Each structure stands twice: as structure tokens, then as C-alpha cells.
Amino acid sequence: MKPIESSPLTRKLSAFVALSDAELAVLERMHQRRRSFVAGRDLVHQGQSEQAAYILAAGWVCSYKILPDGSRQVVDFQIPGDFLGLRSVLLHTSDHGAEPIVDIEAAEVMVSDLLEAFAQTPRLATAILWAASRDEAMVVEHLVGLGRRDADARMAHFLLELGVRLALVGMGSKSGYV
């Protein structure tokens, strides 16, 4: 396993705050329950009441909503360093599903461990809140894109946003991304 300092989540949070040794130790503990998931099998089901969130360590995941007619609308893509199901554990029910689009590795974080980590390291909790708020702002931008941009502009915005997100976790640069 890579040292915690080079994990995608640590890189992402370090863009907001310089993490202390104590905060890095908490992140290390949050990454201990590593699991593998295969592509095409839901990690989170819409409507489930799960007591765990996941930190995506490797691979890509799509978030989606099941509509009343049974069809599925993809609403976002998650990359390494993103939390999966964070809002669901805090609200006790998932309002969307998450499915790996390639085989992935993710660290399972039980809600009790997450709340304990927040109590022990408030600056780390603030950094995670910053990251979640940043992700939410991107989803709002997606809504604007759907309402006001044509298909070419939406695709260009998506690719540029993806490049910035990947650069933040060390998987991209101005010349391209992995």
C-alpha cells in the first residue's frame, strides 16, 4: 500500500490545508479496510441505509439516480480521492446509487469511525467538508450545463473539469491525464 501522504485523498485535502502528523495518522486508519469491487456491480444502492462510506483509492465510479420509469440517469463520476456515500451515512439513506465502471479499490469507513475522526481532528473534518462542498459545487455546475449549454460545450466543460480534478489528486497535468 502506498504511504498515506501520496494517497489521492491526502493530496486532495492537502490543497486545502497542510495536514499534521496526527491528521495523517487518522487518514491512515480511515484507509485500513481496503476492499476490491468489480465493475458493473453496485457499491451503493439508491435507498439503502448503510453505515459505511468509501474512499475511492483506485478506479472510477459513476453515481446515478433510478427514475420512476426504471431508467437510470448518470449524475456524476468519482475518481480516486473522492468519498462515496458520505452524504448517505450522514443522512442515513442513500439518495443515489454508485457503480464502479472499472474494477476499483476503496477503503470502507464506518460511520462511527468517521465521526470519531471528526471529533479527534476538527481541521481534518473541515478539510473533508471543503472537499465535499467543492464536489457539490461541481454538481451544481453540471445542472447549469444541462440547462444552458449545448452538447459540445457540456463535453468540453466535463473534460476540463475532469482534468482539474485529476490534477488535484496527482493523476493529471496541463498536458493530459491518466
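Right above here is the structure, for reference.
Below is a summary of the structure that appears in this document. (Residues numbered from 1 in each chain as written. Predicted model: local features only at pLDDT ≥ 70, side-chain atom pairs only at ≥ 80, totals over all residues. Heavy atoms only, no water.)

We now examine the overall build of the protein chain. What the protein chain contains, in helices and strands, is 6 helices and 9 strands. Expressed along its principal axes, the backbone C-alpha trace of the protein chain runs to roughly 45 × 40 × 25 Å. In the protein chain, which comprises 178 residues, the share counted as buried stands at 40%. Intrachain contacts of the protein chain at a sequence separation of at least 6 include 72% that bridge at least 24 residues. Accessible surface, the protein chain: about 9,500 Å² in total, of which carbon and sulfur atoms supply 58%. In the protein chain, 18 side chains carry a positive charge and 22 a negative one; their mean positions are 3 Å apart. (Helix = DSSP H or I, 4+ residues; strand = E, 2+ residues; numbered from the N terminus. Buried < 20%, exposed > 50% of the residue type's maximum accessible area, 1.4 Å probe, protein only. Contact = heavy atoms within 4.5 Å. Areas by Shrake-Rupley, 256 points an atom, 1.4 Å probe, with all protein chains shown as cover. Lys, Arg positive; Asp, Glu negative; His and termini not counted. Charge placed at Lys NZ, Arg CZ, Asp CG, Glu CD.)

In this structure, D82 sits in the loop between β4 (72–78) and β5 (83–84). A polar atom in the side chain of D82 sits 2.5 Å from the side chain of K12. Within the local environment of D82, its side chain forms a polar contact with the backbone nitrogen of I79, the two atoms lying 3.0 Å apart. Excluding residues that lie within four positions of it along the chain, D82 makes contacts with K12, Y54, I55, L56, F77, D135 and R165. (Polar contact = N/O pair within 3.5 Å; in protein donor to acceptor, adjacent residues only side chain to side chain.)

Empty space within the largest pocket amounts to approximately 1,300 Å³. Around the largest pocket, the lining is made up of 45 residues, and of these V75, D76, Q78, D135 and V139 lie nearest the centre. Taken together, the elements giving at least two residues each to the lining of the largest pocket come down to α1 (8–14), β3 (61–66), β4, β5, α3 (86–91), α5 (122–148) and α6 (151–168). The biggest single contributor to the lining of the largest pocket is α5, with 15 residues. A per-class count over the lining of the largest pocket returns 22 nonpolar, 11 polar and 12 charged. Each pocket or cavity is described by its volume, and for the second largest pocket that value is around 180 Å³. (1 Å grid on protein atoms, 1.4 Å probe; cavity = no way out; pocket = protein on both sides within 12 Å on 5 of 7 lines; lining within 4 Å. Points joined across faces, edges and corners; volume = space filled by probe spheres on them. Nonpolar A, V, L, I, M, F, W, Y, C, P; charged D, E, K, R; others polar.)

The next subject is the environment of E141. Inspection of the secondary structure assignment puts E141 in helix α5. In this structure the C-alpha to C-alpha distance between E141 and V17, which are 124 residues apart in sequence, comes to 24 Å.

Looking now at the packing of aromatic side chains. Here the structure, examined in full by the defined rule, presents 3 aromatic pairs. Their ring planes at 85 degrees and their centres at 5.6 Å tell us that F37 and Y54 sit as a pair that is edge-to-face. You can see F37 sitting in strand β1 (residues 34–37) and its partner Y54 sitting in strand β2 (residues 52–58), a full 17 residues away along the chain. The exposure class assigned to Y54 is buried, which follows from its relative accessible area of 4%. Ring centres of F77 and F158 lie 5.7 Å apart, and the angle between their planes is 55 degrees; this geometry places the pair in the tilted category. Here F77 is found in strand β4, whereas its partner F158 is found in helix α6, with 81 residues between them in sequence. Note on F77: relative accessible area 26%, which makes it partly exposed. Directly above the aromatic system of Y64 lies the positively charged group of R72, at a separation of 4.5 Å from the ring centroid. (Phe/Tyr/Trp six-rings, centres within 6.5 Å; stacked < 30°, edge-to-face > 60°. Lys NZ or Arg CZ within 6 Å of the ring centre and 35° of its normal.)

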